[in-house]
Amino acid sequence: MNAPADFHRFPAGEPTNISRRRFLLGSAGVATGALVLGFGIPLGAPRALAQAAPASPDAASRVPAFIEIRPDDTVRFLSPFMEGGQGVFTAMAQIVAEELDIDPSVFVVEAAPAGKVFQVMIGGMRITGGSMSVRLTYDFMRRLGASARAMLIEAAARRLGVAAGTLTTEPGKVIHKASGRSLRYGELASGALDLPVPDASALKLRDPKQFRWIGKPVARLDMHEKSTGKAVYAIDCKVENMLHAAVQHAPRLGMTVGAIRNEDLVKAMKGVHSVHRLDGAVAVLAERWWHAKRAVEALSVDWQEPAADSDGRNMPVDFGSDAFVKSLAATTGDGEEAESEGDFAKAFEEASQTVEATYHSQYLHHAQLEPPSALARFNPDGTLELWMPNQAPEMFQGQIAELTGLDPSQVIINSPLLGGFFGRHFLYPAGNPYPQAIALAKASGRPVKLIWSREEEFLRDPLRPAAAVRFRAGLDAEGMPVAFEAISATEGPGEGIANKRGKGIDESAVEGLTKKAYAIPNRRIAQQFVKTPATLAYWRSVGNSMNDFLYETFLDEVADKGGIDPYGLRLRLLHGNERLTNLLNAVGELSGGWKRGPYTAADGTRRARGIGMASPFGSEAAAIAEVSIREGQVVVHDVWEAIDPGSIVNPAIVEAQVNSAAALGLSQVLMEEAVYEKGEPVARNYDLYQILRPDQMPRVHVKIVESGAKMGGIGEPPLPAVPPAVANAVSALTGQRVRSMPLSRLKFDS
Amino acid sequence: MQLRINGESREVDADGDTPLLWVIRDDLGMTGTKYGCGLAQCGACSVMVDGVITRSCVTPVESVADSAITTIEAIEQDAVGKRVVEAWVKHQVPQCGYCQSGQVMAATALLKENASPSAEDVHAAMVNLCRCGTYNAIEAAMMDLAGIENTAPESEAAGGGEGGLGAGTIAAGVAVAAGAAVAGGALVRRSRKAKAAGQETSPEARPETRNEEEGA
Ligand code: FES
Ligand code: FES
């Protein structure tokens with residue numbers, strides 16, 4: 001994750017027919033007679049693949065992502081991306097199905113396993129994150145579907161003894177119009193097994209004007225299983241002879257296990273199999289998780305302070321998040337430049353008026369509803385198999401190979417559905433349960449499923465960074481900003497995870513302060529690196545999740561200083577930018593025409609509206625929020641959001657993602673924060689770590705704008721514009737400037 | 001002990017104080033009922049006990065030994081539950097899906113007790129957390145099921161201010177959120193507040209919380 005450039009290496013190669021590798025496919029659950037197309041295997045690969053695949057009880061882990069057209073007319077698709085609610089399984093099926101010419105509802109989608117073979121095939125890492133899944137594989141998935149369709153047509157031509165050119169398709173069938181004959185794909189699959197994949201240049205893709213499924217609100221494939229409890233998450237996985245494990249972590253990261261005062265007592269507790277000492281934690285194994293949890297919590301451990309010279313990211317006993325954020329705000333200095341244009345210093349010096357203010361954000365938990373878990377099993381053939389939530393199977397595989405000394409090909413990663421992720425399931429030092437599960441499986445000689453209780457999760461969940469940004473702006477005689485500076489005192493998530501600075505600025509620390517589209521001629525954006533004691537993480541929309549809040553709320557302060565309406569100011573700063581002008585107009589119209597207020601609503605409450613914009617992950621977003629104050633606290637009534645991802649695959653999924661991202665953005669701005677005192681988190685469960693409740697959810701109105709620009713992301717981009725829209729509305733309503741999140745810390749007069 | 005669950009009688013060998021959730025998941029091997037918090041905060045573990053929505057993570061198994069328990073695994077065997085599932089699919093409610101077993105159970109329990117609930121009844125019953133923010137989709141599915149046209153007046157859709165979740169409930173919750181930022185001395189008091197808010201919807205909330213133990 002340190003090198004976002006790597007993301008763009010995906011995918012490589014062209015579709016390849018791997019049906020011939022029947023010896024392998026048969027044991028991977030592929031139906032007999034199914035046509036199987038794999039991703040971009042280099043020529044001559046079958047032999048290489050066979051060599052790379054040692055005898056394994058579970059050959060599925062050796063089979064790459066593929067599409068399998070089965071004799072029963074269903075299509076099995078192994079997705080390179082994990083499904084965690086963002087609808088990627090359905091979107092992938094839609095794209096392949098469009099070109100294959102088959103109803104996407106016949107798709108059965110599963111997460112592709114990790115493996116050396118698989119890595120070879122995509123020519124690099126794969127990650128479910130950065131809202132990249134669809135936009136970076138769109139063309140490839142279309143070609144995959146088109147290749148399969150061409151092969152089925154060829155198989156039909158041979159079967160019917162006619163020229164392929166006389167054949168067409170209808171969903172799921174090849175048609176010979178002249179004779180009125182037709183053959184189902186399922187009937188044809190076996191005939192296509194040994195056909196070559198057509199040359200990429202010979203493929204004809206559908207005219208987008210004739211798309212039947214792409215661009216339509218196709219129903220999601222996973223709705224029924226997720227409404228009936230049948231969906232399987234990592235926490236639900238089980239294998240024979242498995243022990244359950246629970247851990248108690250050291251209260252502060254870096255502390256080590258000293259004496260356990262009541263070990264014998266705990267060992268005698270009901271159901272306890274054994275007690276274990278781990279790196280910075282103790283664990284109990286039991287036949288039931290409840291017994292393990294109760295016993296491990298009963299352990300009384302003398303936690304030892306880390307050695308003075310230990311080089312880990314140790315949590316100091318005096319870390320308090322409030323004091324720390326204050327210290328960020330008190331930093332001085334110019335920082336390191338991340339973006340600059342014109343001459344800020346000179347323009348600021350010559351400005352008619354100036355504004356200076358310091359804004360800050362807070363630490364956040366991911367708080368995905370499924371607590372992390374890992375199930376580890378050593379197989380008789382020497383392989384190590386894991387079931388665990390992850391957003392990057394090959395990266396986990398590599399780490400585990402390093403940890404255990406196994407070859408990566410001996411590490412099998414199963415990736416069940418994610419019970420929410422929001423950035424939680426990348427590799428985080430001390431933030432993933434798998435090393436503990438592996439150690440416990442090794443120690444006990446049995447498969448072990450470890451679940452982190454919610455309390456242990458909130459103790460080790462790496463945090464979304466906090467930042468304090470010192471802003472300065474200079475205005476011209478008309479009140480327009482001509483000079484703009486932002487110096488962010490923070491540590492970026494990339495820097496935090498690596499536990500060292502990379503070369504240059506961590507882009508994920510400053511994105512959202514940088515790359516704003518506003519035409520302010522003299523700008524300077526900088527990062528002042530301040531190392532954080534807490535562990536850090538990616539969080540939905542990463543740097544943008546807070547930086548657009550910080551920037552866009554200060555921009556309203558600038559607008560007020562210059563006596564210009566904030567919506568009008570943005571329009572003027574975007575003059576000549578057709579895409580963003582359209583977007584701003586679209587959200588204005590969606591809300592019934594821009595009005596800031598305050599005004600009195602039909603129910604007698606005083607209300608006002610605010611605007612926020614963001615350009616995250618290749619998409620553009622603009623949001624307007626309407627708020628009132630009830631008993632000193634903010635109520636959000638409506639959010640209107642216009643989003644332009646260039647073009648889209650499924651408007652229903654986009655609308656659901658806007659709702660979802662808006663909810664997380666609202667949760668952040670209204671009430672969320674991870675507070676540390678004396679080196680420990682104050683909240684260990686949802687009672688003190690509050691997240692948005694149903695009664696706090698506003699209506700969300702969505703306008704999708706397809707400008708035709710390069711396809712952008714969908715999962716994260718709707719989030720960052722929402723918090724500033726809310727905060728700006730609150731400032732407009734109360735006359736009280738909002739310079740920090742969450743709003744629940746502030747008191748407002750009704 | 002014998003448990004009556006999903007119309008069957010099952011023998012379980014568990015201590016009486018084991019939470020029903022873990023008996024269902026580990027002893028009976030039914031994993032549709034989810035663990036989210038273990039503290040009656042999220043609702044992911046909701047099941048029906050004699051038709052009453054119950055947070056199984058804080059329900060000792062011995063307290064339900066004589067009751068009929070229904071989990072998500074049997075939801076479509078119930079006519080009302082089947083309708084709820086259909087509405088969930090029609091309105092494309094789930095995202096990650098992790099909270100949805102509990103949401104479907106809560107919806108079913110409400111509709112079994114009251115076939116045509118008011119919007120206020122719906123808001124009072126549908127209080128489970130969803131980190132994916134499917135609240136508006138749940139609202140739409142529920143209004144459909146309740147036969148209410150989903151053009152709720154602003155004040156309702158905007159947060160149930162006038163509904164069953166009265167302003168008092170909201171204010172209590174917000175006070176906790178604000179309080180969480182204050183120094184550690186107030187921990188016990190805050191935990192009690194959180195508990196009071198939680199108890200309005202979950203009578204089974206156990207009398208102390210882990211946070212409280214730590215603060216004490
Ligand atoms: S698991 Fe959260 S309420 Fe029971
Ligand atoms: S759908 Fe993910 S938590 Fe509700």
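Values in this document were obtained by computation on a predicted structure and should not be read as measured data. (Residues numbered from 1 in each chain as written. Chains lettered and ligands numbered in written order. Predicted model: local features only at pLDDT ≥ 70, side-chain atom pairs only at ≥ 80, totals over all residues. Heavy atoms only, no water.)

Digging into the overall build of chain B
In terms of helices and strands, chain B carries nine helices and five strands. Going from N to C terminus, chain B has its helices and strands arranged as β-β-α-β-β-β-α-α-α-α-α-α-α-α. Buried residues in chain B amount to 60% of all 216 residues. Looking at chain B alone, contacts between residues at least 24 apart form 58% of all its contacts between residues at least 6 apart. Just so you have it, chain B exposes about 7700 Å², and 50% of that area is on carbon and sulfur atoms. (Helix = DSSP H or I, 4+ residues; strand = E, 2+ residues; numbered from the N terminus. Buried < 20%, exposed > 50% of the residue type's maximum accessible area, 1.4 Å probe, protein only. Contact = heavy atoms within 4.5 Å. Areas by Shrake-Rupley, 256 points an atom, 1.4 Å probe, with all protein chains shown as cover.)

Considerations on the overall build of chain A
Along the backbone of chain A there are 21 helices and 29 strands. Residue burial in chain A is summarised as follows: out of 750 residues, 64% are buried. Contacts spanning at least 24 positions in sequence make up 78% of the contacts within chain A whose residues lie at least 6 apart. Carbon and sulfur atoms make up 51% of the accessible area of chain A, which amounts to about 25400 Å² in all.

Observations concerning the UniProt feature "domain: Aldehyde oxidase/xanthine dehydrogenase a/b hammerhead" (unreviewed entry) in chain A
Taking the numbering used here, the UniProt-annotated feature "domain: Aldehyde oxidase/xanthine dehydrogenase a/b hammerhead" (unreviewed entry) corresponds to residues 228-307 of chain A. Taken end to end, residues 228-307 of chain A is 19% helix and 36% strand, and its first and last C-alpha atoms sit 51 Å apart. (UniProt positions renumbered as here; feature names shortened; annotations may be inferred.)

Concerning the environment of B:Thr31
Residues and elements named next belong to chain B. Position of Thr31 among the secondary structure elements: in the loop between α1 (20-27) and β3 (46-49). On the accessibility criterion, Thr31 (16% relative accessible area) is buried. Distance from Thr31 to Leu21, taken between C-alpha atoms, is 9.3 Å for residues 10 residues apart in sequence.

Some words on the sheet that holds strand β17 (residues 384-387) of chain A
Residue and element names in this part refer to chain A. A sheet is described by the order of its strands in space; here seven strands give the open sequence β11-β12-β9-β19-β16-β17-β18, paired in mixed fashion. Every other strand in the sheet has two partners, leaving β11 (272-278) and β18 (411-414) as the edge strands with one partner each. Across the sheet, the axes of successive neighbouring strands diverge by a mean angle of 20 degrees, strand direction being ignored. Here three bridges tie strand β9 (residues 243-249) to strand β19 (residues 448-451), and the two strands are oriented parallel to one another. What sits directly across from His244, in β19, is Lys449. (Pairing = 2+ DSSP bridges. Axes fitted to C-alpha atoms, helices over the stretch in contact; angles between N-to-C directions.)

Side note on the confidence of the model for chain A
Close reading of the predicted structure is inappropriate where its pLDDT is low. Residues and elements named next belong to chain A. Across chain A, pLDDT averages 89, with 89% of residues at or above 70. Below a pLDDT of 50 lies the segment residues 1-13, which in the model reaches 34 contacts outside its immediate sequence neighbourhood of four places, other chains included. Below pLDDT 50 for its whole length, residues 116-124 participates in 28 contacts with residues either more than four positions away or in separate chains. (pLDDT = per-residue confidence, 0-100.)

Observations regarding the pattern of salt bridges
Scanning the model with the defined rule gives 61 salt bridges over all chains in all. Among the salt bridges present, the one from A:Asp73 reaches A:Arg184, with a minimum N-O distance of 2.3 Å. Note that A:Asp73 is positioned in the loop between β3 (66-69) and β4 (75-79) and A:Arg184 in strand β8 (residues 181-184), a separation of 111 residues in sequence. Between A:Lys270 and B:Asp15 there is a salt bridge, with the nearest N and O atoms lying 2.9 Å from each other. One end of the pair, A:Lys270, is in the loop between α8 (263-267) and β11; the other, B:Asp15, is in the loop between β2 (8-11) and α1, on a second chain. Residue classification places A:Lys270 among the partly exposed residues on the basis of a relative accessible area of 38%. (Salt bridge = Lys/Arg side-chain N within 4 Å of Asp/Glu carboxyl O.)

Topic: the sheet that holds strand β22 (residues 522-529) of chain A
All names here are of chain A. Spatial strand order, β14-β22-β21-β20-β15: five strands in an open sheet with mixed pairing. This sheet does not close on itself; its edge strands, each paired only once, are β14 (336-341) and β15 (353-360). Each adjacent strand pair in this sheet contributes to an overall mean axis angle of 10 degrees, direction not counted. Across eight bridges, the pairing between β15 and strand β20 (residues 468-475) is antiparallel.

Structural notes on the packing of aromatic side chains
Residues and elements named next belong to chain A. Per the stated rule, a full pass over the model turns up 20 aromatic pairs over all chains. Relative to Trp594, the ring of Tyr567 has its centre 5.1 Å away and its plane inclined at 10 degrees; by these criteria the two rings are stacked. Note that Tyr567 is positioned in helix α18 (residues 566-573) and Trp594 in the loop between α19 (578-590) and β23 (599-600), a separation of 27 residues in sequence. One aromatic cluster is present, built from ring pairs that chain together Tyr359, Phe471, Phe484, Tyr518, Tyr551 and Phe554. Taking NZ or CZ as reference, Lys516 lies 4.9 Å from the ring centre of Tyr551, over its face. We note Lys595 situated over the ring of Tyr599; from NZ or CZ to the ring centre the distance is 4.1 Å. (Phe/Tyr/Trp six-rings, centres within 6.5 Å; stacked < 30°, edge-to-face > 60°. Lys NZ or Arg CZ within 6 Å of the ring centre and 35° of its normal.)

Some points on the interface of chain A and chain B
Contacts between chain A and chain B engage 85 residues on the former and 76 residues on the latter. Taking both sides of the interface into account, the surface hidden between chain A and chain B amounts to around 6400 Å²; carbon and sulfur atoms contribute 54%. Run the count over chain A and chain B and you get eight salt bridges. Between A:Arg288 and B:Asp27 there is a salt bridge whose closest N-O contact spans 2.9 Å. On inspection of chain A and its partner chain B, the count reaches 28 residue pairs in polar contact (both at pLDDT 80 or more). Elements represented by at least two residues in the side of chain A that touches chain B include exactly α7 (223-227), α9 (289-298), α14 (454-460), β25 (620-630), β26 (633-644), α20 (651-670) and β29 (699-704) of chain A. Its residues assigned to classes, the side of chain A that touches chain B comprises 32 nonpolar, 24 polar and 29 charged. (Buried area = accessible area lost by both parts, 1.4 Å probe. Polar contact = N/O pair within 3.5 Å; in protein donor to acceptor, adjacent residues only side chain to side chain. Nonpolar A, V, L, I, M, F, W, Y, C, P; charged D, E, K, R; others polar.)

What to know about the packing of helix α12 (residues 393-404) of chain A against helix α13 (residues 434-444) of chain A
Residue and element names in this part refer to chain A. Interhelical geometry of α12 versus α13 gives an angle of 40 degrees and a closest axis separation of 11 Å. The pairing of α12 with α13 is recorded here as oblique in orientation. Crossing hand, α12 versus α13: right-handed. Touching Phe396, Gln399, Ile400, Leu403 and Thr404 of α12 are Tyr434, Pro435 and Ile438, all from α13. Of the residues that constitute the contact of α12 with α13, the class distribution is six nonpolar, two polar and no charged. (Parallel < 35°, antiparallel > 145°, perpendicular 65-115°, else oblique. Left-handed = near helix turned anticlockwise from the far one by under 90°.)

Digging into α13(A)
Turning to α13(A), its buried residues are A:Tyr434, A:Gln436, A:Ala437, A:Ile438, A:Leu440, A:Ala441 and A:Ser444. One or two positions beyond α13(A), positive phi appears at A:Gly445, with a value near 70 degrees.

So, the side chain of A:Arg460
Residues and elements named next belong to chain A. Structurally, the position occupied by Arg460 is in helix α14. Notably, Arg460 is buried but unbridged: the nearest opposite-charge side chain belongs to Glu456, and the N-O separation is 6.7 Å. Within polar-contact distance, the side chain of Arg460 engages the backbone oxygen of Ala250 at 2.8 Å. Beyond its immediate chain neighbours, meaning those up to four positions away, Arg460 contacts His249, Ala250, Pro251, Arg252, Leu253, Gly280, Arg424, Ala430, Gly431 and Trp452. (Lys, Arg positive; Asp, Glu negative; His and termini not counted.)

Describing α12(A)
The end-to-end C-alpha distance of α12(A) is 16 Å, a good match for the 16 Å that 12 residues give at a rise of 1.5 Å each. One or two steps after α12(A), the chain reaches A:Gly405, where phi turns positive at roughly 80 degrees. (Expected span 1.5 Å × (residues − 1).)

Looking at the packing of α20(A) against helix α21 (residues 722-734) of chain A
All names here are of chain A. Contact pair α20 / α21: the axes reach a minimum separation of 8 Å and the direction vectors enclose 45 degrees. As judged from the angle between their axes, α20 and α21 are oblique. For α20 against α21, the interelement crossing comes out right-handed. Of the residues in α21, those touching α20 at Ala662, Gly665, Leu666, Gln668, Val669 and Leu670 are Val722, Pro723 and Val726.

Some details on the nonpolar core
All names here are of chain A. One finds Leu100, Phe107, Val634, Leu670 and Val726 to be the most contacted residues of the largest nonpolar core, which totals 200 residues. In terms of residues, this core owes the most to one element, helix α5 (residues 133-160), which gives 13 residues. In this structure, Val634 is in contact with Val627, Ser628, Ile629, Leu670, Val726, Val730, Leu743 and Phe748, ignoring residues within four places of it in sequence. Grouped together as the second largest cluster of nonpolar side chains are 28 residues, Leu278, Leu285, Tyr434 and Ala437 included. (Core = buried A, V, L, I, M, F, W, Y, C linked by side-chain atoms within 4.5 Å.)

Details of the confidence of the model for chain B
In the predicted model, chain B carries a mean pLDDT of 77, and the fraction of residues at 70 or more is 69%. The complex prediction reports pTM at 0.88, with the ipTM value standing at 0.92.

Examining the environment of A:Phe66
With respect to the helices, strands and loops of the structure, A:Phe66 is situated in strand β3. A relative accessible area of 1% places A:Phe66 in the buried class.

Re unusual backbone geometry
Residue and element names in this part refer to chain A. Omega for the bond connecting Gly597 with Pro598 falls within 30 degrees of zero, at 0 degrees, which places this linkage in the cis form. Position of Pro598 relative to the elements: it lies in the loop between α19 and β23. Following Met741, the chain continues to Pro742 via a peptide bond in cis, the omega torsion being -5 degrees. Within the secondary structure, Pro742 is located in the segment after α21. The backbone of Asn241 sits at a positive phi, close to 65 degrees, despite the residue not being glycine. By secondary structure assignment, the location of Asn241 is in the loop between α7 and β9. A residue is classified by how much of its surface remains accessible, and Asn241, at 48% relative accessible area, is partly exposed.

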